[in-house]
Amino acid sequence: NAGVTQTPKFQVLKTGQSMTLQCAQDMNHEYMSWYRQDPGMGLRLIHYSVGAGITDQGEVPNGYNVSRSTTEDFPLRLLSAAPSQTSVYFCASRHELAGGTYNEQFFGPGTRLTVL
Amino acid sequence: AQTVTQSQPEMSVQEAETVTLSCTYDTSESDYYLFWYKQPPSRQMILVIRQEAYKQQNATENRFSVNFQKAAKSFSLKISDSQLGDAAMYFCAYRSAVSGGSNYKLTFGKGTLLTVNP
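Here the structure is a predicted model, which means the values were calculated and not measured.

Focus: the overall build of chain A
Looking only at helices and strands, chain A has 0 helices and 11 strands in total. Along the chain direction, N to C, the helices and strands of chain A fall in the order β-β-β-β-β-β-β-β-β-β-β. Against the compact-globule benchmark of 13 Å for 116 residues, chain A has a radius of gyration of 14 Å, which places it among compact chains. On the principal axes, the C-alpha backbone points of chain A span a range of 45 × 30 × 25 Å. Contacts in chain A between residues at least 24 apart in sequence constitute 55% of all its contacts with a sequence separation of at least 6.

Overview of the overall build of chain B
Helix and strand counts for chain B come out as 0 helices and 12 strands. Starting at the N terminus, the α and β elements of chain B follow one another as β-β-β-β-β-β-β-β-β-β-β-β. At 14 Å, chain B has a C-alpha radius of gyration in line with the 13 Å of a compact globule built from 118 residues. Referenced to the eigenvectors of the C-alpha coordinate spread, the extents of chain B come out at roughly 45 × 30 × 20 Å.

Observations regarding the nonpolar core
If you look at the biggest cluster of nonpolar residues, it comprises 25 residues, and the most contacted ones within it are Y25(B), W36(B), F75(B), L77(B) and Y90(B). Listing elements by their share of this core, those giving two or more residues are strand 3 (19-21), strand 5 (32-39), strand 6 (46-52), strand 8 (64-69), strand 9 (74-79), strand 10 (88-96) and strand 12 (112-117) of chain B. With 4 residues, strand 10 of chain B is the largest single contributor of residues to this core. In contact with Y25(B), not counting residues within four places along its chain, are T3(B), V4(B), Y32(B), L34(B), F68(B), Q69(B), K70(B), K73(B), S74(B), F75(B) and Y94(B). By size, the runner-up hydrophobic cluster in this structure holds 19 residues, among which are V4(A), Y89(A), C91(A) and V115(A).

Here's the deal with the interface of chain A and chain B
Counting residues at the interface gives 28 residues for chain A, matched by 22 residues for chain B. The junction of chain A with chain B conceals about 2,100 Å² of combined surface from both sides, 53% of it contributed by carbon and sulfur atoms. Scanning the region where chain A abuts chain B turns up 0 salt bridges. For the interface between chain A and chain B, the tally reads 7 residue pairs in polar contact (both at pLDDT 80 or more). Mapped onto the side of chain A that touches chain B, the elements with two or more residues apiece are strand 4 (31-38), strand 5 (42-51), strand 9 (87-94) and strand 11 (111-115) of chain A. For the side of chain A that touches chain B, the leading source of residues is strand 5 of chain A, giving 4 residues. When grouped by side-chain class, the residues that make up the side of chain A that touches chain B number 13 nonpolar, 10 polar and 5 charged.

Looking at the sheet that holds strand 8 (residues 76-78) of chain A
Residues and elements named next belong to chain A. Strand order in this open sheet of 4 strands is 1-3-8-7, and the pairing throughout is antiparallel. Bordering the open sheet on either side are strand 1 (4-7) and strand 7 (64-66), each of which pairs with just one other strand. For this sheet, the mean inter-axis angle between neighbouring strands, taken without regard to orientation, is 20°. Pairing of strand 1 with strand 3 (residues 19-25) involves 4 bridges; the strand directions are antiparallel. Across the sheet, T5 pairs through a bridge with A24, a residue of strand 3.

Concerning the packing of aromatic side chains
Following the criterion strictly, the structure yields 16 aromatic pairs over all chains and no others. A network of ring pairs unites the aromatic residues Y35(A), F90(A), F107(A), Y33(B), F35(B), Y37(B), F91(B) and F108(B) as a single cluster. Against the face of F10(A) rests R43(B), its NZ or CZ located 5.1 Å from the ring centre.

What to know about the state of the cysteines
Overall, the coordinates contain 2 disulfides over all chains when judged by the stated rule. Disulfide pairing is shown between C23(A) and C91(A); the S-S distance is 1.8 Å. Looking along the S-S bond of the C23(A)-C91(A) disulfide, the torsion reads about -70°, which is the left-handed sense. Of this pair, C23(A) sits in strand 3 while C91(A) sits in strand 9, and the two are 68 residues apart along the sequence. Both residues of the pair, C23(A) and C91(A), count as buried. Paired through a disulfide, C23(B) and C92(B) show a sulfur-sulfur distance of 2.0 Å. Between C23(B) and C92(B), the S-S dihedral sits near -70°, and the bridge is therefore left-handed. Pair noted here: C23(B) is in the loop between strand 3 and strand 4 (24-26) and C92(B) is in strand 10, with a separation of 69 residues, a long-range link.

Cut-offs and rules
- Residues numbered from 1 in each chain as written.
- Chains lettered and ligands numbered in written order.
- Predicted model: local features only at pLDDT ≥ 70, side-chain atom pairs only at ≥ 80, totals over all residues.
- Heavy atoms only, no water.
- Helix = DSSP H or I, 4+ residues; strand = E, 2+ residues; numbered from the N terminus.
- Rg over C-alpha atoms; globule rule 2.2 N^0.38 Å.
- Contact = heavy atoms within 4.5 Å.
- Core = buried A, V, L, I, M, F, W, Y, C linked by side-chain atoms within 4.5 Å.
- Buried < 20%, exposed > 50% of the residue type's maximum accessible area, 1.4 Å probe, protein only.
- Buried area = accessible area lost by both parts, 1.4 Å probe.
- Salt bridge = Lys/Arg side-chain N within 4 Å of Asp/Glu carboxyl O.
- Polar contact = N/O pair within 3.5 Å; in protein donor to acceptor, adjacent residues only side chain to side chain.
- Nonpolar A, V, L, I, M, F, W, Y, C, P; charged D, E, K, R; others polar.
- Pairing = 2+ DSSP bridges.
- Axes fitted to C-alpha atoms, helices over the stretch in contact; angles between N-to-C directions.
- Phe/Tyr/Trp six-rings, centres within 6.5 Å; stacked < 30°, edge-to-face > 60°.
- Lys NZ or Arg CZ within 6 Å of the ring centre and 35° of its normal.
- Disulfide = S-S within 2.5 Å.

Listed below in structure tokens is the structure:
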């Protein structure tokens, strides 16, 4: 198992450019999510998905779009990058909670994005 | 909404000694999980330990243990026999265990940067 993979590891954008951060998992997890990490802020949820075709907003969704066409992939799109989106982005996945069973959340290695 | 507070932005400890990192949380739920994550300079998020709220016994993983005080909503991490490799940012996190509730997300504290001095 590769676990949760993210590409790219680093990216520099200019204000107004668009890009897609890729996330994939090979564990057949139902839940996938995107977090951003800013200095002194911990990790905050951007968007999440409970299965293919189902997505919803987290705490800080503005400026980001997601879609989930397959169980494995959950890309995060920045349509018009802004300096405020400079951050480290983490993708995570886990199985769906069922019958009180604990399901560990797995994180990808992160993408460091800088918007100039 | 749930909140997680880590009141110590930075801590330091001498190698081989013991250090305790503090965390408090606020929730109206009775069924939840609490976690400590370690983030070394590689920035990988590593699960250190978890605690189920329904369990009275404090979780332990080798040199890492927690002091879970449910009534006080406190969840501290004790690292015994500290090693240089323990130096990292540590995050306390909360997740609902209620099916159909907010169990889709982890709520994180702001982190505590731990330095281990040789």
